[in-house]
Amino acid sequence: MVQPLLHLLLPAAALLLFPSSTSASYGFYVGKHLSPTNATLLGGTGEEVSSHWLQIFPAADYPPNSTLTVGVTPDATLPGNLINITQVPHTFRYMSMEYSDYEGFPAPLTNGGVNENGVGVRDIWATNRDELYYMTPDPQTGIQYSDLARLVLERASTAREGVEVIGQLIAEYGYATYGGNSHLIADKDEGWVVWEFAGGEKLWAAERLGPDEVRVSYPGYIEEFPVDFENSTDYMGSPNIVSFAVDQGWWSPNGTEPFNIFKVYGPQGENYTARDGGFKYMSQAALENATLAMVPVTEEALMERVRDPRIADDESGYGQVLSLHDFPESDLIRIWIAPTGSVTAPFNPWWLGVQSVPPEYSEHRYLTKDAASTFLNPDYQLQEASEFAGRLFKRLLYYTCSNPATLLPVITDMLEGFENQSRSDIDWVEESAQLLIENGQREAAQRLLTHHSHTRAQQALELGERMVGALDAYVKVTGQWRAPNGTQINDAGEGAETVNCLVGLDPDQPGGVPLSLKKRGNMDQRDRWSGELRR
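On a predicted model such as this, the values are computed, not experimentally measured, just so you know.

Colleague: Lay out the side chain of Glu315 with the relevant residues and their values.
Modeller: As for its position among the elements, Glu315 is in the loop between α9 (299-307) and β16 (318-324). A polar contact of 3.4 Å, which involves the side chain of Glu315, links it to the side chain of Lys280.

See the structure below:
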């Protein structure tokens, strides 16, 4: 096997640090017994440099012998070849946030979304031990992380079925990777963490999350795992998940240590623990505890967690919060989406019955792969002429983070006020749509949902424009404008500091966390500041 070029250029110490600094995503799971409406809650962010846009995929039927293309290309960080797999006769309707680039994987990509059966999916990074990275064939073939998220949305009727879809696909076609990954899958009754491993050995493991649990993935993790998992309804995995570890000498069935997926297959080293792997201001453990402290957890409360500036920064491509319960109609499945990092962008309500996405929330060239090296496709000229919500609220982030102690509380209050207005309309909109459907007027119900989502999305843009205009004037009139000192508009690459509304604040002031703790700070010290920002 030819080792990837990365391993030839970087020393071993650098390779150990590499996985923790790569762009990633957050995932929040809240069991239904912990919410006041008995709904499972699923939230998170997408953290890729790429542009992000909202897209609706209709249900579709396919003729016999249809196929689809999946996998990675030679351009990927770990090179591979695309393959064709069998398409199912019918795929479900779903809504997701799409993006154009990650580690050289072919676009469009997705972190997940929600389908017409009320199955929600979040894709979250989860790196593996270095040996698995080295074992990955060159070139590799198989189904990659985004393919898996999309195929679950297209094919699964329950969260458990989504896990089975992933397992069956990996067993049949293999898994192509950038170094390991995980998925958080949920429905109205339960959630599952699925961890897929590099190495070309078709390794994966899954753990059920019950109605009384909270789980935060950053990265995704699974700890103690029964060796006889085939006899459990709470665990699933590849047939070789235990035997391969034994064969490699990573775990002994004759020892005293229980079989622990993170300890066996996760990154090795003293700095790594299952619930402290994200290296932002808050660990998974701190985020889980902060979420438990909010029980009963509402949609509004989970939005606050996803928006928390200790984790939401320039790397957050969007924000998402989803309630999963017994929906009277699939058209009424509702998801809240912020068009870019929700620390400075409002969550807007979208229903699966919505029939179109406004051009301002659709794909644009801003941060889209190859935009700097190609001209616009004329087919997109009007869409590109429209304002892009992602770019607008990025501007708001950059202005806000220039003076966060003064500006962030005001911006947060305005965003929450806007969302409260949206929330006050939810009941009458959904009750009206349901009444129309019950009376045989589904198309009218869909027009109502589409009109309301479009209206609130446009009003969010108008709010954003006013806030950006006000901050632009404020910064300039008060003499706070500062020109850049350097010559490079882009940062130094993976691991570099990013725009964040906490960076540089005085740690002795409420909400302050010193710059040195941004990535690899002492968690005990960081956790002492947990919750200070909201006081």
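After that view, the rundown keeps rolling.
Colleague: Could you give an account of the packing of helix α11 (residues 389-400) against helix α12 (residues 404-438), naming the residues involved and the relevant values?
Modeller: Relative orientation of the contacting elements α11 and α12 amounts to 140°, with a least axis distance of 9 Å. As judged from the angle between their axes, α11 and α12 are oblique. Where α11 approaches α12, its residues Leu396, Tyr399 and Thr400 are matched on the opposing element by Pro404, Leu407, Leu408 and Ile411. Looking at side-chain class alone, the contact of α11 with α12 contains six nonpolar, one polar and no charged residues.

Colleague: Let's hear about the packing of aromatic side chains: which residues, and what values?
Modeller: What the rule picks out here adds up to 20 aromatic pairs. Aromatic side chains Trp250 and Tyr265 sit 5.9 Å apart centroid to centroid with 90° between the ring planes, which places their arrangement in the edge-to-face category. Of this pair, Trp250 sits in the loop between α6 (243-248) and α7 (261-265) while Tyr265 sits in helix α7, placing them 15 residues apart in sequence. Accessibility expressed as a relative area gives 17% for Trp250, which makes it buried. On the basis of relative accessible area, Tyr265 is assigned to the buried category, the value being 0%. Joined through ring pairs, the aromatic side chains of Trp195, Phe197, Phe244, Trp250, Phe262 and Tyr265 make up one cluster.

Colleague: A description of the sheet that holds β16 should follow, citing residues and the corresponding values.
Modeller: In spatial order, the strands read β14-β1-β2-β16-β17-β18; together these six strands make up an open sheet with antiparallel pairing. Either end of the sheet is taken by a strand with one partner, and the two such strands are β14 (214-217) and β18 (348-351). Geometrically, the sheet is characterised by an average inter-axis angle of 15° between neighbouring strands, direction not taken into account. The pairing of β16 with strand β17 (residues 334-338) spans four bridges and is classified as antiparallel. Its bridge partner lying in β17, Val321 is registered against Trp336. Sitting on the sheet, helix α8 (residues 284-292) touches β1 (27-30) and β14, and the angle it makes with β14 is about 145°.

Colleague: Can you explain α11? Please cite residues and give values.
Modeller: With twelve residues, α11 extends 16 Å between its outermost C-alpha atoms, agreeing within 8% with the 16 Å of an ideal straight helix rising 1.5 Å per residue. Of all twelve residues in α11, nine are buried, a share of seventy percent or more. Turning to α11, its buried residues are Ala389, Gly390, Leu392, Phe393, Lys394, Leu396, Leu397, Tyr399 and Thr400.

Rules behind the numbers
- Residues numbered from 1 in each chain as written.
- Predicted model: local features only at pLDDT ≥ 70, side-chain atom pairs only at ≥ 80, totals over all residues.
- Heavy atoms only, no water.
- Helix = DSSP H or I, 4+ residues; strand = E, 2+ residues; numbered from the N terminus.
- Polar contact = N/O pair within 3.5 Å; in protein donor to acceptor, adjacent residues only side chain to side chain.
- Axes fitted to C-alpha atoms, helices over the stretch in contact; angles between N-to-C directions.
- Parallel < 35°, antiparallel > 145°, perpendicular 65-115°, else oblique.
- Contact = heavy atoms within 4.5 Å.
- Nonpolar A, V, L, I, M, F, W, Y, C, P; charged D, E, K, R; others polar.
- Phe/Tyr/Trp six-rings, centres within 6.5 Å; stacked < 30°, edge-to-face > 60°.
- Buried < 20%, exposed > 50% of the residue type's maximum accessible area, 1.4 Å probe, protein only.
- Pairing = 2+ DSSP bridges.
- Expected span 1.5 Å × (residues − 1).

By themselves, these figures tell us nothing about what the structure is for.
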